[in-house]
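What follows is each chain in one-letter form.
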Amino acid sequence: MGAIIETPSIYGEMTARDNLIEQYKLVGMPNLDGIDELLKLVGLENTGKKKAKNFSLGMKQRLGIAVSLANHPEFLILDEPINGLDPQGIIEIRELILKLNREKRITILISSHYLDELSKIATHYGFLDHGTIIKEISSEELVKKMEHKVELKVRNQKEFVLYFEKNKISYEVIDNRTINVYGKYNLSRFINELSKKNLIVDEIHEQEESLENYYMNLIGGAKND
Amino acid sequence: MIKLLNVGFTRLRKNRVFWLLTIFSVLLALFMIYTQYSDMKRYGEVIEVEQLMLNYSTMIGIVMAIFTSLFLGVEYSDGAIRNKISIGHKRTNIYLSNLIITAITSLFSYILFLIVIVSVGIPLFGVITIPISKLLMLIVCIFITIIAYSSIFTFIAMIISNKTITAIVSIMFAFGLMIMALIWLNILQAPKFIETASITNGDTGAVEIVKEPNPKYPSETKKKVCQTLLDINPAGQMFQVAGRSAPNIKILPLYSLGILVIFTGAGLVLFKKKELK
């Protein structure tokens, strides 16, 4: 297992290569084979004699990841890997993480508050609140939950359900007055169609869930439990 | 532990502070030789090479304070300690490996100084005049005191997470030890009588010096206390050895080993409990 906890553990007075040599010795690697490949993997193969203290934040983070890969782990923990990075740095880290996962088959656990960034790379999510996991969900399930939806407040819920079943419309019954309909619809046409079938809607709300909203709703739900 | 030592010595070789220390040791030796040679040529003084060999001991404490705080200070600031622990190295081993590295580096600095003094000084000033066994005993005392110093500054560096504060505390502590040692030395070297007046006989021209008991002359108890404190104080040991005036020279290494045990023991206990954020 490899890990970066808070900030990368690198000696500022040493070059990228020397930092890796240090780490190789620290973890007891039998030889220094693979250092050049590791530097190339994280995009630091051309840093030469430049000292780590003169690296950009993104470069330091990449070096930290390289250091954590010294013992060829199968599992990597990254704690807030993109904190303080500029947009380019964030992209570099994102691409590196994807590369490590796809090419090196490394499982990566990322702890981050940047939900939008996570949504671009994560395959499974665990949401924490005050140190407790309140929800675990796959990315497929999460995408579904964040799908565009229309919330309907209705009176004769059973008839609506029958109509949706008949017309193969994706829906979810929330309570005895609320039904969520998933998918993008032309609202006026949709309401028109429903009213032709004597299906009266009292209220209608269109929603597009973001990961942020999902998380806030989750936390709010957890607090109210 | 071997891995930690290996890593530490690898870092040492590439460390700018270590190379500055090395250059300083060589230049200091050459500077001392040069000044003594100038005095010899100008005033016809007899220079003892063995004395030159002992002179670095009076200031090595300050040098070690600076080196240790800068070298070990980055362990916290660069996250190295956190990295070592997360890999699986025990805190005890991390502490002891750092102590060993700083002790060996400091001894290396002094040995380098000796090599320069001996290789340049003997051809210029002549051979060593005191018995080799006595000189060796003095040098062994210096080496053991250096190890005691290492334990003190390693303690400070491993307990304080902030590199700047570590440097300030270490240097102040080193100076504090020196100042206390000088104070006690001063007390011990106070003369029993002081000259208060001199009377010249107008007829004969004879001069009579009037002496009175020195009010600052310490009592026997005070002398014993000061001497003991001086012997325990690493700076005090160095001053006595450099001046070749240590009445209890055989006990000095025991005091140094005591300092080593106390500071290392306390350091290990505190470091194990330390919150590493």
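Before reading further, recall that the structure is shown in the block above.
A short tour of the structure in this document, coming up.

Cut-off values and rules
Residues numbered from 1 in each chain as written. Chains lettered and ligands numbered in written order. Predicted model: local features only at pLDDT ≥ 70, side-chain atom pairs only at ≥ 80, totals over all residues. Heavy atoms only, no water. Axes fitted to C-alpha atoms, helices over the stretch in contact; angles between N-to-C directions. Helix = DSSP H or I, 4+ residues; strand = E, 2+ residues; numbered from the N terminus. Parallel < 35°, antiparallel > 145°, perpendicular 65-115°, else oblique. Contact = heavy atoms within 4.5 Å. Nonpolar A, V, L, I, M, F, W, Y, C, P; charged D, E, K, R; others polar. Buried < 20%, exposed > 50% of the residue type's maximum accessible area, 1.4 Å probe, protein only. Polar contact = N/O pair within 3.5 Å; in protein donor to acceptor, adjacent residues only side chain to side chain. Pairing = 2+ DSSP bridges. Core = buried A, V, L, I, M, F, W, Y, C linked by side-chain atoms within 4.5 Å.

1. Focus on the packing of helix 9 (residues 220–232) of chain B against helix 10 (residues 234–242) of chain B
Relative orientation and spacing of two packed helices are given, respectively, by the angle between their axes and the distance between those axes.
Residues and elements named next belong to chain B.
Logical step 1: Look at helix 9 against helix 10: their axes get within 5 Å of each other, and the N-to-C directions meet at 95°. The pairing of helix 9 with helix 10 is recorded here as roughly perpendicular in orientation. Contacts from Q227, L230, D231 and I232 of helix 9 reach helix 10 at P234, G236, Q237 and Q240.
Logical step 2: Of the residues assigned to the contact of helix 9 with helix 10, the class counts are three nonpolar, four polar and one charged.

2. Brief notes about helix 10 of chain B
All names here are of chain B.
Logical step 1: Burial analysis of helix 10 places nine of its nine residues in the buried class, the great majority of the element.
Logical step 2: Every buried residue belonging to helix 10 is among P234, A235, G236, Q237, M238, F239, Q240, V241 and A242, and all of these are buried.
Logical step 3: The residue sitting at the N-terminus of helix 10 and contributing the capping side-chain oxygen is N233; that oxygen lies 2.8 Å from the backbone nitrogen of A235.
Logical step 4: In the segment just after helix 10, R244 is the residue with positive phi, at about 50°.

3. Focus: the environment of G34 of chain A
Logical step 1: Structurally, G34 of chain A can be placed in the loop between helix 1 (16–27) and helix 2 (35–41).
Logical step 2: On the basis of relative accessible area, G34 of chain A is assigned to the partly exposed category, the value being 25%.

4. A closer look at the pairing of strand 6 (residues 148–154) of chain A
It is a general feature of regular strands that their side chains alternate between the two faces of the sheet.
Residues and elements named next belong to chain A.
Logical step 1: Buried residues dominate strand 6, accounting for six of its seven residues.
Logical step 2: Both strand 6 and strand 9 (residues 201–208) contribute to a ladder of seven bridges, which runs antiparallel. When the bridges of strand 9 are listed, V150 appears paired with E206.
Logical step 3: Here strand 6 runs beside strand 8 (residues 178–182); their pairing, made up of five bridges, is antiparallel. Each bridged residue has a counterpart across the sheet, and for L152 the counterpart in strand 8 is I179.

5. Some words on the sheet that holds strand 7 (residues 171–173) of chain A
Residue and element names in this part refer to chain A.
Logical step 1: Strand order in the open sheet formed by four strands is 7-8-6-9, with antiparallel pairing between adjacent strands. Two strands close off the open sheet at either side, each with one partner strand: strand 7 and strand 9. Neighbour-to-neighbour, the strand axes of the sheet open up by a mean angle of 20°, direction not taken into account.
Logical step 2: Along the sheet face, helix 7 (residues 157–166) touches strand 6, strand 7, strand 8 and strand 9 and points at about 15° away from the line of strand 8.
Logical step 3: Packed on one face of the sheet, helix 8 (residues 187–196) meets strand 6, strand 8 and strand 9 and runs near 145° to strand 9.

6. A closer look at the nonpolar core
Logical step 1: Counting 71 residues, the largest nonpolar core has Y56, Y110, F113, I117, I146 and F153 of chain B as the members making the most contacts within it.
Logical step 2: Element by element, the count of residues in this core is highest for helix 7 (residues 132–159) of chain B, at 14 residues.
Logical step 3: Setting aside chain neighbours within four positions, we find Y56 of chain B in contact with L21, F24, S25, L28, M32, V63, S109, Y110 and F113 of chain B.
Logical step 4: In this structure, I35, L38, I97 and I108 of chain A belong to the second largest nonpolar core, which totals 34 residues.

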